[in-house]
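# Descriptive analysis of the structure
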Amino acid sequence: MSLSTQDVEKVARLARLAMTGEEIETARAQLNGIFDLIAEMQAVDTSGVEPMSHSQDLSQRLREDRVTESDQRDAFQRIAPQVEAGLYLVPKVIE
Amino acid sequence: MTWEIVIGLEVHSQLSTNTKIFSGASTAFGAEPNTQADAVSLALPGVLPVLNKGAVERAIKFGIATGAHIAPRSVFARKNYFYPDLPKGYQISQFDLPVVGNGQLVIQVPAQGKQPAYEKTVRITRAHLEEDAGKSLHEDFHGMTGIDLNRAGTPLLEIVSEPDMRSAAEAVAYAKALHTLVQWIGICDGNMQEGSFRCDVNVSVRKPGQPLGTRREIKNLNSFKFMQQAIDYEVQWQIDTIENGGTIQQATILFNPDTGETRAMRSKEDAHDYRYFPDPDLLPLEISEEWKQQIAATLPELPHTKQARYQEQGLSAYDASVLTSARALADFFEATLDEAPGQIKLCANWLIGEVSAQLNRDGLDIAQCPISAQQLGGLLKRIADNTVSNSGAKEVFRTMWTEGGDADALIEAKGLKQVSDTGAIEKIVDEILAANADKVAEYRSGKDKLFGFFVGQAMKASQGKANPAQLNEILKQKLAG
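Description of the structure in this document. These figures come from a predicted structure and were not determined experimentally.

For chain A, the count of helices and strands is three helices and three strands. For chain A, the N- to C-terminal ordering of α and β elements is α-α-β-α-β-β. The C-alpha radius of gyration computed for chain A amounts to 22 Å, which surpasses the reference 12 Å derived for 95 residues by more than 25%, pointing to a less compact arrangement than a globule. Across its three principal axes, chain A shows a C-alpha extent of roughly 55 × 45 × 25 Å. With 95 residues in all, chain A has 22% of them scored as buried. When the 10 basic and 17 acidic side-chain charges of chain A are each reduced to a single mean position, those positions are 10 Å apart.

This is the structure in structure tokens:
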């Protein structure tokens, strides 16, 4: 599989990355290198192997449903660019 | 040829945990903005999610209650998109390995016009755990949007049905049955105004026998009435569009309750390119058979089972379905029946009739009923054993409602105790017949209608207290001569 420039541009847009034409070409070459590795791995016979979803062979630890966090709004909002009436303000996003 | 309507639902049910799905911040509704937005909800650098056991337990309960497969191993995935009410840039959800799969829900579709009520089984494709987003407030911030992240991280169970519904009535019946069930098993408070139970409805139309048509998804319906209206409007719109030579484009649409119309949201480019992948911050969730058994043992009798049992005990399908529409109502009914054993029909009639009507008038729900099940059962027991007539019982009921008190004392105080002593009734009847010898003769010569006259006279003489069934029987005997 080989990625086109358009593919890279699309992924960059989805990830909100601003990239120059030169950076896109570099990324395209690097990503294609990764796809070559994937192609090599896909040649391995994995029938009978359960797909891995995590690198550690452990299961999720669970937390008791008890409130442990207190209100730290003032501390958190001190580093926010703009707040009002307890809300974080961001550029208007309505459609 | 008519059109066939095809509907599937996705319901976001907020789980009734104390804390968020991945952190120990409170989920209480109505707090001041961002006071429950902890470091995890805000996605501050370096934080890690830790899964809430209470959320998993609720998902397991739902799986058991719908006869579903509960995955021994399920996986959390990142659903990537950018929006300010989702500070991480992704929502933690489940994708190809959800916690619950292949369930079903039996629904009762009410009668409509000439079509009688019927039962239907709707298949549930899957139910998966995920986190809710925050809230965006678009007004009053000088061209800015205000973000409240209290809701961010609240646990949701997204319940996805198969496209099994064939009318708006079926879709509403399914949504209502699901709404009843999640409250019944105690996993969701069901408060639709507060957004605890939100429905997305996928609608398409086709000619019967044809492949599925293109669907449009009506987002975020938070009332059953709006759901009905939105589907009705959308179906007509799709049929008109196709019949006028147009085609349906897949779209996400919103329902406007003020105009009763649906309209497409401006579709964002790439909006559905979520690039799911397993979340490396979370290990696979494992659910043991033992844990499932423990949870199964805590589940109450389910609405559908209860309904079937009531019908076996002699109630109509309608009565049984009304009484199992909410757990509090079914509990009240059974407690009433405990007081008046064997009187299932009488208890059902009074709960669905007198009690419900009075609750409606007073704007109360069953949990706020001023009369306890014990009080009501005590009264119904006295109807059953003929101590009080039905109309006398209604009088007692009205007093009980406003002033309280127990049935026996009120019957006594109001002098409503029926005369069931055969000798006493016979005496009254004898006197009436003696005083109306001419009418007796007329009756015996064939004027049957006069029977009512004798009943009236005897009742009057007993000051309305004679047991009507006994009085009828004695009168018939004596008049027969």
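It is worth spelling out the overall build of chain B at this point. When helices and strands are tallied, chain B shows 16 helices and 17 strands. For chain B, the C-alpha radius of gyration of 30 Å lies well beyond 23 Å, the compact-globule estimate for 481 residues. Across its three principal directions, the C-alpha atoms of chain B cover 100 × 55 × 50 Å. Taken across its 481 residues, chain B has 50% of its residues classed as buried. Taking all contacts inside chain B whose residues are at least 6 apart in sequence as the whole, residues at least 24 apart take part in 69%.

So, about the interface of chain B and chain A. With 59 residues of chain B in contact, the opposing surface of chain A contributes 39 residues. Applying the counting criterion to the chain B and chain A interface returns three salt bridges. One salt bridge connects Lys10(A) with Asp273(B), and the closest N-O pair in it is separated by 2.8 Å. Taken together, the connections running from chain B to chain A amount to 22 residue pairs in polar contact (both at pLDDT 80 or more). At the level of elements, helix 1 (39-42), strand 2 (51-52), helix 2 (53-65), strand 10 (144-148) and strand 17 (285-286) of chain B are the ones that each hand at least two residues to the side of chain B that touches chain A. No other element matches strand 10 of chain B, which puts five residues into the side of chain B that touches chain A.

Residue and element names in this part refer to chain B. Throughout the structure, instances matching the rule amount to 29 salt bridges over all chains. One salt bridge connects lysine 120 with glutamate 170, and the closest N-O pair in it is separated by 2.9 Å. Of the two residues, lysine 120 sits in strand 8 (residues 118-131) while glutamate 170 sits in helix 3 (residues 168-184), which places them 50 residues apart along the sequence. No difference in accessibility class separates lysine 120 from glutamate 170, as the two residues are buried.

What follows concerns helix 9 (residues 344-362) of chain B. Residues and elements named next belong to chain B. Taking 1.5 Å per residue as the helical rise, helix 9 with its 19 residues ought to reach 27 Å, and the 26 Å between its terminal C-alpha atoms agrees with that figure. Bending of helix 9 peaks at approximately 35° at the position of serine 356. Among all positions in helix 9, only Ile344, Leu346, Cys347, Ala348, Trp350, Leu351, Val355, Gln358 and Leu359 are buried. Two residues or fewer past helix 9, glycine 363 is found with a positive phi of approximately 65°.

One can find Gly21(A) in helix 2 (residues 21-42). With 58 residues separating them along the chain, Gly21(A) and Ile79(A) place their C-alpha atoms 35 Å apart.

Another point: the sheet that holds strand 13 (residues 216-221) of chain B. Residue and element names in this part refer to chain B. Strand order in this open sheet of nine strands is 3-7-8-11-1-12-13-14-15, and the pairing throughout is mixed. Looking at the sheet topology across the chains shown, the edges are occupied by strand 3 (69-70) and strand 15 (261-264). The sheet contact formed by strand 8 and strand 11 (residues 155-161) spans seven bridges and is antiparallel. Among the inter-strand pairings, alanine 127 is bridged to a residue of strand 11, identified as isoleucine 159. Each of strand 3, strand 7 (100-109), strand 8 and strand 11 touches helix 2; the most contacted strand, strand 8, lies at about 160° to it.

This part covers the packing of helix 6 (residues 303-312) of chain B against helix 8 (residues 327-339) of chain B. All names here are of chain B. Contact geometry for helix 6 and helix 8: axes closest at 12 Å, N-to-C directions at 35°. Here the hand of the crossing between helix 6 and helix 8 comes out left-handed. Touching Lys306, Arg309 and Tyr310 of helix 6 are Ala330, Phe333 and Glu334, all from helix 8.

On to the nonpolar core, then. Residues and elements named next belong to chain B. By size, the foremost hydrophobic cluster in this structure holds 105 residues, and its most contacted members are Leu9, Phe62, Leu129, Tyr174 and Phe333. A per-element tally of this core places helix 3 first, with twelve residues. Not counting residues within four places of it along the chain, the set of residues in contact with tyrosine 174 comprises Leu9, Leu105, Ile107, Val122, Ile124, Ile159, Ser161 and Met165. Membership of the second largest hydrophobic core comes to 17 residues, among which are Ile432, Val440, Tyr443 and Leu450.

So, on to the side chain of His128(B). Residues and elements named next belong to chain B. Within the secondary structure layout, histidine 128 lies in strand 8. Given the relative accessible area of 6%, histidine 128 is considered buried. Of the polar contacts made by the side chain of histidine 128, one reaches the side chain of glutamate 130; its length is 3.1 Å. Dropping the residues within four chain positions of it, histidine 128 is found in contact with Ser93, Gln94, Pro98, Val99, Leu156, Leu157 and Glu158.

Residue and element names in this part refer to chain B. Tallying each qualifying case throughout the model produces zero disulfides over all chains. As a non-bridged cysteine, cysteine 199 has cysteine 188 as the owner of its nearest cysteine sulfur, 10 Å distant. Judged by relative accessible area, cysteine 199 falls into the buried class, the value being 0%. Not engaged in a disulfide, the cysteine cysteine 369 finds its nearest cysteine sulfur in cysteine 347; these two sulfurs lie 13 Å apart.

Residues and elements named next belong to chain B. On the secondary structure map, valine 11 appears in strand 1 (residues 4-14). Valine 11 sits in the buried class, given a relative accessible area of 0%. Taking C-alpha positions, valine 11 is 9.2 Å from alanine 127, a pair spaced 116 residues apart along the chain. Each residue touching valine 11, except ones within four places of it in the same chain, is listed here: Leu157, Glu158, Ile159, Leu178, Phe197, Arg198 and Cys199.

This part is about the layout of surface pockets. Residue and element names in this part refer to chain B. When its volume is computed, the second largest pocket comes out at roughly 1,400 Å³. Mapped by element, the contributors of at least two residues to the lining of the second largest pocket are strand 7, strand 8, helix 3, helix 4 (224-243), helix 6, helix 7 (317-323), helix 8 and helix 9. Considering every element that reaches the lining of the second largest pocket, the biggest residue donor is helix 3, with ten residues. Across the lining of the second largest pocket, the residue classes tally to 28 nonpolar, 18 polar and four charged. Split by domain, the residues of the lining of the second largest pocket number at least three in each of domain 1 (4-291) and domain 2 (301-413).

Parameters and conventions
- Residues numbered from 1 in each chain as written.
- Chains lettered and ligands numbered in written order.
- Predicted model: local features only at pLDDT ≥ 70, side-chain atom pairs only at ≥ 80, totals over all residues.
- Heavy atoms only, no water.
- Helix = DSSP H or I, 4+ residues; strand = E, 2+ residues; numbered from the N terminus.
- Rg over C-alpha atoms; globule rule 2.2 N^0.38 Å.
- Buried < 20%, exposed > 50% of the residue type's maximum accessible area, 1.4 Å probe, protein only.
- Lys, Arg positive; Asp, Glu negative; His and termini not counted.
- Charge placed at Lys NZ, Arg CZ, Asp CG, Glu CD.
- Contact = heavy atoms within 4.5 Å.
- Salt bridge = Lys/Arg side-chain N within 4 Å of Asp/Glu carboxyl O.
- Polar contact = N/O pair within 3.5 Å; in protein donor to acceptor, adjacent residues only side chain to side chain.
- Expected span 1.5 Å × (residues − 1).
- Bend = angle between axes of the 7 residues up to and from the residue.
- Pairing = 2+ DSSP bridges.
- Axes fitted to C-alpha atoms, helices over the stretch in contact; angles between N-to-C directions.
- Left-handed = near helix turned anticlockwise from the far one by under 90°.
- Core = buried A, V, L, I, M, F, W, Y, C linked by side-chain atoms within 4.5 Å.
- Disulfide = S-S within 2.5 Å.
- 1 Å grid on protein atoms, 1.4 Å probe; cavity = no way out; pocket = protein on both sides within 12 Å on 5 of 7 lines; lining within 4 Å.
- Points joined across faces, edges and corners; volume = space filled by probe spheres on them.
- Nonpolar A, V, L, I, M, F, W, Y, C, P; charged D, E, K, R; others polar.
- Domains from an automatic or database assignment.

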